[in-house]
Amino acid sequence: SQQGEEDPQALSIQEGENATMNCSYKTSINNLQWYRQNSGRGLVHLILIRSNEREKHSGRLRVTLDTSKKSSSLLITASRAADTASYFCATDALGNNRLAFGKGNQVVVIP
Amino acid sequence: NAGVTQTPKFQVLKTGQSMTLQCAQDMNHEYMSWYRQDPGMGLRLIHYSVGAGITDQGEVPNGYNVSRSTTEDFPLRLLSAAPSQTSVYFCASSRDRNYEQYFGPGTRLTVT
């Protein structure tokens, strides 16, 4: 079953703007992960946030996790054309690497 | 390090044919997984392994077999291909529980 559900599904922004994506899930989790996929490529890991963490940063990326609302958000600041990709959230309910992926967010950054 | 490698990149099969998708990693990772990606569906877990000799079913295991005889290799076998198995297949590995997964480039499979 699909655990993560991203919102919005597609996002088109100008270069330099910020992009925010949300992910909701249904069951309790051990950790939640965000991945990026460029067209026709494999997935690349961005950030892993554990259930006892509320916020993590990595470069221009900021991820928040609200376990009470069963939701997470991914913020990309000062977007670049190279950020054009699909972004997926994935939940790990038991901390055993059995990931359940959402359907993905397609982000287009216009130069 | 080559990371996670998958072969072939593309494959066309006729219904009923069998084949093996190869996956190898050179990072000495214990955890390995197979996913399929269909349009609008995200990725779904087919099978996974927590170490050599240990495999388990994921969300959509029917029609697929796996084995893990070595830490490095985790092949996925389609015994009798069906059009519903047309998809992009990704292999991934992870060093341990609660760690990120590294994905291979994928195999695009078409079953006619």
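Of regular secondary structure, chain A possesses zero helices and 11 strands. Ordering the α and β elements of chain A from the N terminus gives β-β-β-β-β-β-β-β-β-β-β. Here chain A has a C-alpha radius of gyration of 13 Å; the compact-globule value for 111 residues is 13 Å, and the two agree. Across its three principal axes, chain A shows a C-alpha extent of roughly 40 × 25 × 20 Å. A burial count over chain A gives 47% of its 111 residues as buried. Restricting to contacts in chain A with at least 6 residues of sequence separation, those with at least 24 account for 55%. For chain A, the accessible surface area stands at approximately 5100 Å², while carbon and sulfur atoms represent 46% of it.

Another aspect to go through is unusual backbone geometry. The phi torsion of most residues other than glycine is negative, and most of the peptide bonds are trans. The residue after threonine 7 of chain B, namely proline 8 of chain B, is reached through a cis peptide bond having omega -5°. With respect to the helices and strands, the residue proline 8 of chain B is situated in the loop between strand E1 (4–7) and strand E2 (10–13). Phi is positive for alanine 78 of chain A, close to 45°, though the residue is something other than glycine. For alanine 78 of chain A, the position within the fold is in the loop between strand E8 (71–76) and strand E9 (85–92). Backbone geometry places asparagine 98 of chain B, a non-glycine residue, at a positive phi of 65°. For asparagine 98 of chain B, the position within the fold is in the loop between strand E9 (87–94) and strand E10 (102–103).

Let's shift gears to the pairing of strand E4 (residues 31–38) of chain B. In the case of a regular strand, side chains alternate between the two sheet surfaces. Residues and elements named next belong to chain B. Burial analysis of E4 places eight of its eight residues in the buried class, which makes it a mostly covered element. Neither face of E4 is left uncovered, since the one carrying Tyr31, Ser33, Tyr35 and Gln37 and the one carrying Met32, Trp34, Arg36 and Asp38 both have all their residues buried. Bridge analysis of E4 against E9 gives seven bridges, and the strand direction is antiparallel. Bridge assignment links serine 33 to a residue of E9, and that residue is alanine 92.

What follows deals with the state of the cysteines. Under the criterion given, the structure shown has two disulfides over all chains. Covalently, cysteine 23 of chain A is tied to cysteine 89 of chain A through a disulfide, its sulfur atoms 2.0 Å apart. Its S-S torsion of approximately 65° makes the covalent link between cysteine 23 of chain A and cysteine 89 of chain A right-handed. With a gap of 66 residues between them, cysteine 23 of chain A in strand E3 (residues 19–24) and cysteine 89 of chain A in strand E9 connect regions that are remote in the sequence. Residue classification places cysteine 23 of chain A among the buried positions, given a relative accessible area of 1%. With a sulfur-sulfur separation of 1.8 Å, cysteine 23 of chain B is cross-linked through a disulfide to cysteine 91 of chain B.

To continue, consider the pattern of salt bridges. Residues and elements named next belong to chain A. The final tally for this structure, using the stated rule, is five salt bridges over all chains. Between glutamate 55 and arginine 62 there is a salt bridge, with its nearest N and O atoms 3.2 Å apart. A residue is classified by how much of its surface remains accessible, and glutamate 55, at 40% relative accessible area, is partly exposed. Arginine 60 is paired through a salt bridge with aspartate 83; the nearest N and O atoms lie 2.9 Å apart. Taken as a pair, arginine 60 in the loop between strand E6 (55–58) and strand E7 (61–66) and aspartate 83 in the loop between E8 and E9 lie far apart in primary sequence, 23 residues in all.

Criteria and thresholds
- Residues numbered from 1 in each chain as written.
- Chains lettered and ligands numbered in written order.
- Predicted model: local features only at pLDDT ≥ 70, side-chain atom pairs only at ≥ 80, totals over all residues.
- Heavy atoms only, no water.
- Helix = DSSP H or I, 4+ residues; strand = E, 2+ residues; numbered from the N terminus.
- Rg over C-alpha atoms; globule rule 2.2 N^0.38 Å.
- Buried < 20%, exposed > 50% of the residue type's maximum accessible area, 1.4 Å probe, protein only.
- Contact = heavy atoms within 4.5 Å.
- Areas by Shrake-Rupley, 256 points an atom, 1.4 Å probe, with all protein chains shown as cover.
- Pairing = 2+ DSSP bridges.
- Disulfide = S-S within 2.5 Å.
- Salt bridge = Lys/Arg side-chain N within 4 Å of Asp/Glu carboxyl O.

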